[in-house]
Amino acid sequence: MGKESACPGCGAVLPRSDWPGEAKNTASPACLEVAGELLGYELEHAARLGYLHQLRIDAYGAQHVSPDAPRIGPVFALNGLYMYLERGSGNIDVRTAHGIMANAYDDWPALTPPATVGRLTAYDVLTAGEVGDVEAALIAWAREVWESWPAEEQDVIRKLTNDLVPPRYFRR
């Protein structure tokens, strides 16, 4: 067994990890450890990065989609990316939208992720440098993940979101 392994979700080649628990969705234990470290970094720099909390969650979720996972997961992850990147909505609006959607709908579409869900990973964000660099890398990562999904799948998310979420939760 080698000292590194590639995450099946994002492709990041990371040192093997003893992170407790099993791989989740398509994330390797090492990638889950990186995600935990990125959360810790975000909390250390909450004044600067707190507004990106939901975006970080959604970028990671949309990059690590398992075909066996409940269909609501990728829908919510992509909804969050869409709302932040195209509609200017932040943490509270996205979480409110998720609640509205969950209470108004239950026939979630089966989305087919692309073969490669962006080049950037949580590891790239975590190791970007100073807090401003991490902030810029996180936004670039989220944008790359969103843009890697097929236009047809993005359109499904746009329509579902616009049909279910009142316009007051969109900032632009």
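Since we're looking at a predicted model, the values are computed, not measured.

**Student:** Looking at this structure, how should I read the overall build of the protein?
**Tutor:** Of the regular secondary structure elements, the protein holds eight helices and two strands. For 172 residues, the compact-globule estimate of 2.2 N^0.38 gives 16 Å, and the C-alpha radius of gyration of the protein, at 16 Å, lies within 12% of that figure. Its C-alpha atoms put the protein at 50 × 35 × 25 Å along the principal axes. Relative to its full complement of 172 residues, the protein shows a buried share of 47%. Across the protein, the fraction of contacts at a sequence separation of at least 24, relative to all contacts at a separation of at least 6, is 67%. Surface summary for the protein: the accessible area is close to 8,700 Å², and the carbon and sulfur share equals 54%. Side-chain charges in the protein split into 15 positive and 23 negative, and the spacing between the mean points of these groups amounts to 5 Å.

**Student:** Can you help me understand helix α5 (residues 91–104) in this one?
**Tutor:** Think of an α-helix as 3.6 residues a turn; residues three or four steps apart then line up on the same face. The terminal C-alpha atoms of α5 lie 20 Å apart, and with 14 residues this matches the ideal 20 Å at 1.5 Å per residue to within 8%. Buried residues of α5: N91, D93, V94, A97, H98 and M101, and no others. Contact partners of the buried residues in α5: α3 (53–63), α4 (72–87) and α8 (151–164).

**Student:** Sorry if this is basic, but what is going on with the packing of α4 against α8 here?
**Tutor:** The axes of two packed helices give the description: the angle between them and the distance between them. Relative orientation of the contacting elements α4 and α8 amounts to 80 degrees, with a least axis distance of 10 Å. In terms of axis orientation, α4 runs roughly perpendicular to α8. For the pair formed by α4 and α8, the contact residues are V75, L78, N79, Y82, M83, E86 and R87 on the first element and I157, R158, L160, T161 and N162 on the second.

**Student:** Help me understand the packing of aromatic side chains, please; the structure alone is not making it clear to me.
**Tutor:** To describe a pair of aromatic rings, one takes the distance between the centres and the angle between the planes. On inspection of all chains with the given rule, the structure shows three aromatic pairs. A ring pair is formed by Y82 and W146, whose centres lie 6.1 Å apart and whose planes are at 35 degrees; its orientation type is tilted. Here Y82, found in helix α4, pairs with W146, found in helix α7 (residues 131–148); they are 64 residues apart in sequence, far enough to count as distant. The buried category is assigned to Y82, whose relative accessible area is 3%.

**Student:** Would you take a moment to explain the packing of α3 against α5 for this structure?
**Tutor:** Relative to each other, α3 and α5 sit at 55 degrees, their axes nearing to 8 Å. In terms of orientation, α3 lies oblique with respect to α5. Residues H53, Q54, L55 and D58 of α3 form the contact with α5, whose own contacting residues are N91, V94, R95 and H98. Per-class residue counts for the contact of α3 with α5 are two nonpolar, four polar and two charged.

**Student:** What is the right way to look at the nonpolar core in this model?
**Tutor:** When a protein is soluble and globular, its nonpolar side chains tend to lie buried together. If you look at the biggest cluster of nonpolar residues, it comprises 53 residues, and the most contacted ones within it are Y60, V75, L78, L81, M101, W141 and W149. Those elements that provide at least two residues to this core are α1 (29–44), α3, α4, α5, α6 (122–126), α7 and α8. Examining the composition of this core, we find that nine residues originate from one element, α4, more than from any other. What Y60 contacts, discounting residues up to four positions off in sequence, is A27, C31, L32, A35, A122 and W141.

**Student:** For this particular structure, what's the right way to read the environment of R16?
**Tutor:** Examined against the element boundaries, R16 turns out to sit in the loop between β2 (13–15) and α1. R16 sits 85 residues away from M101 along the chain, and the two C-alpha atoms are 38 Å apart.

Conventions we followed
Residues numbered from 1 in each chain as written. Predicted model: local features only at pLDDT ≥ 70, side-chain atom pairs only at ≥ 80, totals over all residues. Heavy atoms only, no water. Helix = DSSP H or I, 4+ residues; strand = E, 2+ residues; numbered from the N terminus. Rg over C-alpha atoms; globule rule 2.2 N^0.38 Å. Buried < 20%, exposed > 50% of the residue type's maximum accessible area, 1.4 Å probe, protein only. Contact = heavy atoms within 4.5 Å. Areas by Shrake-Rupley, 256 points an atom, 1.4 Å probe, with all protein chains shown as cover. Lys, Arg positive; Asp, Glu negative; His and termini not counted. Charge placed at Lys NZ, Arg CZ, Asp CG, Glu CD. Expected span 1.5 Å × (residues − 1). Axes fitted to C-alpha atoms, helices over the stretch in contact; angles between N-to-C directions. Parallel < 35°, antiparallel > 145°, perpendicular 65-115°, else oblique. Phe/Tyr/Trp six-rings, centres within 6.5 Å; stacked < 30°, edge-to-face > 60°. Nonpolar A, V, L, I, M, F, W, Y, C, P; charged D, E, K, R; others polar. Core = buried A, V, L, I, M, F, W, Y, C linked by side-chain atoms within 4.5 Å.

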